[in-house]
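Here is what each chain is made of, one letter per residue.
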Amino acid sequence: MPRIEIDVSKCVGCHLCELVCSIYHFGTVNISKSGIRVVVYFTANNLDIIVKCCKQCDKPQCARVCEYDALVYKNGIVKLIVDRCTGCGDCIKACPYGSIFKHPDIKFPIKCDLCNGDPKCVKICPTGAIRYVSG
Amino acid sequence: MSLDNIKGYCGKVLRVNLSKRKYVIEDLRKDLIEKFVGGRGFICKILFEELYRGVDPLGPDNKVIFATGPLTGLPIPGSGKCVVGCKSPESGGYCDGNFGGYFGPMLKFAGFDMLIIEGRSEKPVYIYVEDGKCEIFDAYDLWGLKTSECERILKERHGYECAVVTIGPAGENLVKYANIIHDFGRAGGRPGIGAVLGSKRVKAIVVKGSRDIPVHDLDRLIELLKDAINFLKNTQLYNTWTRQGTMITVLWSNENSCLPVHNFKEAYFEHAYKISGDVIEKFLKYRTRGCYSCPTPCGNICRFGKHVVEIDYEQVAMLGSNLGIDDILSIAYMIKLSDEYGIDSISLGNVIGLAMELYEKGIITKKDTEGIELRFGNAEAATRMIEMIAYRKGIGNILAEGVSKIAEYYGPEVSKIAMHCKGVEISAYDCHIAPGMALAYSTSPIGAHHKDAWFISIELKNPSMSIEERVSKLIWMQNIRGGIFECIGTCRLQWVEFGLDLEFYIKALKAATGREYSIEYLFEVADRIYNVIRCFWIREFGHWKREYDYPPERWFNEPLSRGPKAGSKIDREMFDKMLTYYYRMRGWDDNGIPKVETLKKLGLDDVIENLRSMGIKLE
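Everything numeric here is computed off the predicted structure, so don't read it as measured data.

### What about unusual backbone geometry?
Stage number 1. Of note, D69(A) is a non-glycine position whose phi angle comes to about 55°, a positive value.
Stage number 2. By the secondary structure assignment, D69(A) is in the loop between helix 2 (61-65) and strand 4 (71-74).
Stage number 3. For D69(A), a count of 10 C-beta atoms within 10 Å corresponds to the exposed category.
Stage number 4. Notably, K422(B) is not glycine yet its phi reads approximately 55°, a positive angle.

This is how it looks when you write it as structure tokens:
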């Protein structure tokens, strides 16, 4: 099934993936409008980078809780049908990976749609930490 | 396109007054955009206008300014930079520092190009900025914490996407070279910006933003970004750089006899390999980290014992070879401590180096050090000193004042071996063999620092340059690094290390703002910045003398005794000629004061008037 795979050990935390995601999907420079998120955790003894991005689950919790059938699992992708979405935010709460996001300017949830099979984050990642698996 | 609908900037400035516990939002002045572009340009002009002569750097009337540039936050390589500046408590003059990470971009996402902090809070506070709003919170629970713990607590409280700047115990205790720490180890503000924030009782600044940054031509920017990444990744350096970052410099410096050893007495370290990038890469490094929008990440994240720390060249040279220490684990631990306490590791290496030399000369005794054998090579002693300095314990109270004040305290003989320019300690390139680099330090607008001109790289390649050539290349370099890159809001390393063309930045500026820029225009801005900062210093001192633009005596008096360049020192006469030529090329008089015609040409009539009203004579 097509999906984004991330090798976090290679991630340097440069946020370029978030940048191009927001540019491609919303035509704006704004990393909080991105379907992929890089979070750096640091304590005195450790540094961890976590990258959150929709895993296109085959039994998606987000679709299960959506009362309006706005999220559909089809051809291996969890697709958001914007017309049906009311922006209730149930899917955001349901995602076990915290990989669906909201933004005050945008009525519907923001999640990875794999850029129609040509993910922009994969192309821009300078270290090859993000990979596209097509099937 | 007119300035009215210029893009790339947010157009707003947040001004926080701690004394009144209030904030105002102002429009970003068009004349600043036009004449000073951003970053350091904004900071130096505002500080010149708003601070009065003789303002107490640690009093309520000093101001700390965080400023971004038009490219900050945009899809451009290395656009994560933010510049922070104020009047320095260490030098008494102008100071600023830039730091990477993602604080600058986040400030713009929150809707501000600049954050100005003024006044002084009675009690410890932290400043919280989110999407066009600001709040001041009490920070009793954070005061006293080390930087990483403070940042972690604030991120748990406000969300991990926040950008946090903190000061450590050194800033709270007004150590004169306390800095600020962002993103667990990105440091900035060498000449005491941490102490100024400490004096204002600001423990931290937290910024969270979710707004768009306005851009003129996004498609073009993306095109430029892709081309730049393609170019950078295909350079020869790319592989080594991302593996070792600035640590590649250790062996280079040593081979060329410019690695500081024993308080800059020598420049060749027999054990350099033990503290080199190869050793870091093989034994300590476990991942690379980069700043915002950086395709050429250089952060060496190292793990040892139960500690994690980011290591780069300056720190290893200053706390390693300069102290005669070759144990990389001890050095890594010292770097960790300086980050946690929020002390600038470059100045720290100078201070401890000087203290060690004074101890070996018998000027500082065991009684002063509470029994510590403060000799070169003693890593444990150096480590203990860091804590004593951060908390101003015992002799740490004197050492916390910086090498220039230490020299004043111990007498004129000591000032000959105190390594600083204008009160700010030398960074990690020794200059016995490099008179041009010495001039770069001594004319750097914040006191000795390499960010304005890493001239040694050019100088070593062309050792037979004439004085004129040397000086004109130095000014060219200062104007690019200290002028252009300090104000457009990006990192300079893609240009310095990889040779990304300056034209690239011109194109990026046009795509970002919608205005036409040219190299000549930016050079003029750089010139303007250099002149305003120089006038800031002159106003503070009330006059100017050539000797203020001199490097430390050691480089003239004591030739190197070891290594391939043994016998080298700087020729005083040659240096003096270079300085004269430098003044001439900058349009300054023979005492280093800008001439009226120079300032007029740059449209700085207000600066002329201000200096004249203070009774300062201009030629």
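### Things to note about the sheet that holds strand 14 (residues 299-304) of chain B
Residue and element names in this part refer to chain B.
Stage number 1. Ordered by their spatial adjacency, three strands build an open sheet running 13-14-15, and the pairing between neighbours is antiparallel. Both edges of this open sheet fall to strand 13 (285-289) and strand 15 (307-311), since each of them pairs with a single strand only. Sheet twist, expressed as the mean angle between neighbouring strand axes with direction ignored, is 30°.

### Overview of the interface of chain A and chain B
Stage number 1. Facing the 25 residues of chain A at the interface are 33 residues of chain B.
Stage number 2. If you list the elements that add at least two residues to the side of chain A that touches chain B, you get helix 1 (16-26), strand 2 (36-43) and strand 3 (46-53) of chain A.
Stage number 3. Split into classes, the residues belonging to the side of chain A that touches chain B amount to 14 nonpolar, 11 polar and no charged.

### What to know about the packing of helix 20 (residues 467-488) of chain B against helix 23 (residues 519-541) of chain B
All names here are of chain B.
Stage number 1. Contact pair helix 20 / helix 23: the axes reach a minimum separation of 9 Å and the direction vectors enclose 100°. The orientation of helix 20 with respect to helix 23, classified from their angle, is roughly perpendicular. Contacts from N479, G483, I484 and C487 of helix 20 reach helix 23 at L522, F523, V525, A526, D527, I529 and Y530.
Stage number 2. Of the residues assigned to the contact of helix 20 with helix 23, the class counts are eight nonpolar, two polar and one charged.

### Considering the environment of G320(B)
Residues and elements named next belong to chain B.
Stage number 1. With respect to the secondary-structure elements, G320 resides in the loop between helix 11 (313-319) and helix 12 (328-341).
Stage number 2. Overall, the presence of 31 C-beta atoms within 10 Å leaves G320 in the buried class.
Stage number 3. Linking G320 and A526, residues 206 residues apart in sequence, is a C-alpha distance of 35 Å.
Stage number 4. If we ignore the near neighbours within four places in the chain, the residues touching G320 are I275, I325, D326 and I331.

### Topic: the sheet that holds strand 7 (residues 125-130) of chain B
Picture the strands of a sheet paired through backbone hydrogen bonds; they go either parallel or antiparallel.
Residues and elements named next belong to chain B.
Stage number 1. In space, the six strands of this open sheet follow the order 8-7-12-9-10-11, with mixed pairing throughout. Both outer strands of the open sheet, strand 8 (133-138) and strand 11 (186-188), are each paired with one neighbouring strand and no more. Averaged over neighbouring strand pairs, the angle between their axes works out to 20° when direction is ignored.
Stage number 2. Note: strand 7 against strand 8, six bridges, orientation antiparallel.

Rules used throughout
- Starting from 1, residues in each chain are numbered consecutively following that chain's sequence as written.
- Chain A is the first chain written and ligand 1 is the first ligand written, with later ones labelled in order.
- Since the coordinates come from a predicted model, pLDDT governs what is reported: local features require at least 70, and pairs of side-chain atoms require 80 or more to be given and counted, while whole-chain, interface and lining totals use all residues.
- Note on conventions: DSSP H or I runs of at least 4 residues are helices, E runs of at least 2 residues are strands, and numbering of each starts at the N terminus.
- Exposure classification rests on a simple neighbour count of other C-beta atoms within 10 Å of a residue's own: a residue reaching 20 or more is buried, one at 12 or fewer is exposed, and one in between is partly exposed. C-beta atoms are placed from the backbone.
- Strand pairing follows a simple DSSP-based rule, namely that at least 2 bridges must link the two strands.
- The convention used is that axes are lines fitted to C-alpha atoms, helices contributing only their stretch in contact, and that angles between N-to-C directions extend from 0 to 180 degrees.
- A pair of residues counts as a contact when their C-beta atoms, built from backbone coordinates, are within 7 Å of each other.
- By the convention adopted, Pro, Cys, Tyr, Trp, Phe, Met, Ile, Leu, Val and Ala count as nonpolar, Lys, Arg, Asp and Glu as charged, and the other residues, Gly among them, as polar.
- Roughly parallel refers to an angle under 35 degrees, roughly antiparallel to one over 145, roughly perpendicular to one between 65 and 115, and oblique to any angle outside these ranges.

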